[in-house]
Amino acid sequence: MTPALEVNGLSKRFGRLEVTRGVALRLAPGDRHALIGPNGAGKSTLMNLLTGVLRPDAGSVKVGGRDVTSMSAHQRVKLGLARTFQLNSLFVTLTVAENIALALSAKHGLDGRIGRALGHRPALVEEAAEGLRALGILDLAGRRVSELAYGQRRQVEIALGLALDPKVLLLDEPVAGVPSAQGRKVFDLLERLPSDVAVMVIEHDMDLVFRFAKRITVLVEGGVLLEGDIDTVRNDPRVRDIYLGRRHDA
């Protein structure tokens, strides 16, 4: 089976500082994967390399078997690589449906002006509603983003990423700054994502990671310390010492 995402020997330096060191990982279609590590491990830098925000000094990135290493972020989105960001990136004065319709307009190569997106293209409205319905958040469609709680905004960001019809969805700390009850709702939403979409999430809350991920990559000082299933990672003494701490001791 062709991997949804394949990374080999990915490296990046900023001056003398090597922030990504020969990273290799592979996600099959439908994988649920977590990327963890202490602060400064290079997780967000790796995400930026995967999505084309940064260019690597060495190594390759493939999406669906196609080498995208030299492609722009926009080109990678068209090939099925979507990302939600650590910081909120929604248009707060627009409704949830309008935000989704804009993403759909971009996906279909249509004029993205709001008046055209919603007023003159009812098919976009229905497509946006269907996506929200599938994720269980249709009740948010008519509300302005500025009216939403922070956790609800993160849910909408995930819906926005899915509107791009990705093969791979990358999520950078989707519950950062979200109260714990709302954070659980965000991960409830992640569990309802389409089964053919490969998902990789950066997350510090290990209870949520162990609930969601089937495999975990541990990044330390820019390199992969370990990759494995939940039990392998949970029981590795190096991971327990540098990251998990006594809270997850047996």
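Per an unreviewed UniProt entry, the protein chain is named ABC transporter ATP-binding protein, and its organism is Paraburkholderia podalyriae.

1. Focus: the overall build of the protein chain
Tallying secondary structure elements over the protein chain gives 10 helices and 10 strands in all. Rg of the C-alpha trace for the protein chain: 18 Å, near the compact-globule value of 18 Å for 250 residues, within the 12% margin. Taken along its principal axes, the extent of the C-alpha atoms in the protein chain is 55 × 40 × 35 Å. Per-residue burial for the protein chain yields a buried fraction of 50% across its 250 residues. Pairs at least 24 residues apart make up 64% of the contacts formed inside the protein chain by residues separated by at least 6 positions. Separation between the mean location of the 34 positive side-chain charges and that of the 29 negative ones in the protein chain comes to 4 Å.

2. Looking at the environment of G161
Assignment of secondary structure puts G161 in helix 6 (residues 150-163). Spatially, the C-alpha atoms of G161 and V77 are 9.7 Å apart, while their sequence positions differ by 84 residues. When neighbours within four sequence positions are excluded, G161 is seen to be in contact with A82, P166 and L169.

3. Details of the packing of aromatic side chains
This structure, assessed with the given rule, holds one aromatic pair. One Lys or Arg, R234, reaches over the ring of F210 and ends 4.4 Å from the middle of that ring.

4. Quick look at the side chain of H33
Mapped onto the fold, H33 is located in strand 3 (residues 32-36). Non-local contacts of H33, meaning those with residues more than four positions away in its chain, are made with L27, V199, M200, V201, F212, A213, R215, I216, T217 and E227.

5. Structural notes on the pairing of strand 10 (residues 223-229)
For a regular strand, side chains alternate in direction, first toward one face of the sheet and then toward the other. Across six bridges, strand 9 (residues 215-220) lies against strand 10 in antiparallel orientation. Of the residues in strand 10, the one forming a bridge with L219 is V224.

6. A few points about the environment of L27
On the secondary structure map, L27 appears in strand 2 (residues 17-27). According to the relative accessible area criterion, L27 is buried, its value standing at 0%. Considered as a pair, L27 and D196 are 169 residues apart in the sequence and their alpha carbons are 11 Å apart. Once you skip the residues sitting within four places of it in the chain, L27 turns out to touch P3, A4, L5, H33, A198, V199 and M200.

7. Considering helix 3 (residues 96-108)
Residues separated by three or four positions in an α-helix point in the same direction, a consequence of the helix having 3.6 residues per turn. Over its 13 residues, helix 3 extends 19 Å from the first C-alpha to the last, a length consistent with the 18 Å expected when each residue adds 1.5 Å. With 10 of 13 residues buried, helix 3 is to be regarded as a mostly interior element. Among the residues of helix 3, those classed as buried are V96, A97, E98, N99, I100, A101, L102, A103, L104 and S105.

8. A short note on the pattern of salt bridges
Inspection of every chain in the model, using the stated rule, returns nine salt bridges. R133 is paired through a salt bridge with E130; the nearest N and O atoms lie 2.6 Å apart. Taken as a pair, R133 and E130 lie in helix 5 (residues 122-134) at a separation of three residues, close to a single helical turn. Relative accessible area serves as the criterion here: at 39%, R133 is assigned to the partly exposed category.

9. Description of the sheet that holds strand 5 (residues 66-67)
Strands sit in the order 2-1-4-5 across an open sheet of four strands; the sheet is antiparallel. Edge positions in the open sheet fall to strand 2 and strand 5, since each of these has one partner strand only. With two bridges joining them, strand 4 (residues 58-63) and strand 5 adopt antiparallel strand pairing. Of the residues in strand 5, the one forming a bridge with K62 is D67. Packed on one face of the sheet, helix 1 (residues 43-51) meets strand 1 (5-14), strand 2 and strand 4 and runs near 120 degrees to strand 1.

What counts as what
- Throughout this document, residue positions are counted from 1 along each chain, in the order its sequence is written.
- A pLDDT threshold of at least 70 governs which residues receive local features in this predicted model, and a stricter bar of 80 or more applies before side-chain atom pairs are shown or counted, although totals over entire chains, interfaces and linings include all residues.
- In computing side-chain properties, one takes all heavy atoms of the structure into account and sets aside hydrogens as well as water.
- Numbered from the N terminus, helices here are DSSP runs of H or I no shorter than four residues, and strands are runs of E no shorter than two.
- Radius of gyration means the value over C-alpha atoms here, while the globule rule gives 2.2 Å times the residue count to the 0.38 power.
- Relative accessibility thresholds used throughout: buried, under 20% of the residue-type maximum; exposed, over 50%; partly exposed, between the two (1.4 Å probe, protein chains only).
- Any two residues whose heavy atoms approach within 4.5 Å are treated as being in contact.
- Think of it this way: Lys and Arg go in the positive column, Asp and Glu in the negative one, and His and the chain ends go nowhere.
- Here the site of a charge means atom NZ of a Lys, CZ of an Arg, CG of an Asp or CD of a Glu.
- Between 30 and 60 degrees the pair is tilted, below 30 it is stacked and above 60 it is edge-to-face, where a pair is any two Phe, Tyr or Trp rings, Trp via its six-membered ring, whose centres lie within 6.5 Å.
- Geometrically, a charge over a ring is one whose NZ (Lys) or CZ (Arg) sits within 6 Å of the ring centre while staying within 35 degrees of the ring normal.
- Two strands qualify as a pair provided DSSP detects at least 2 bridges between them.
- Working rule for helices: expected span equals 1.5 Å times residues minus one.
- Only one rule defines a salt bridge in this text: a Lys or Arg side-chain nitrogen within 4 Å of an Asp or Glu carboxyl oxygen.
- Fitted lines through C-alpha atoms serve as axes, helices being fitted only where they are in contact, and the angles separating the N-to-C directions of these axes extend from 0 to 180 degrees.

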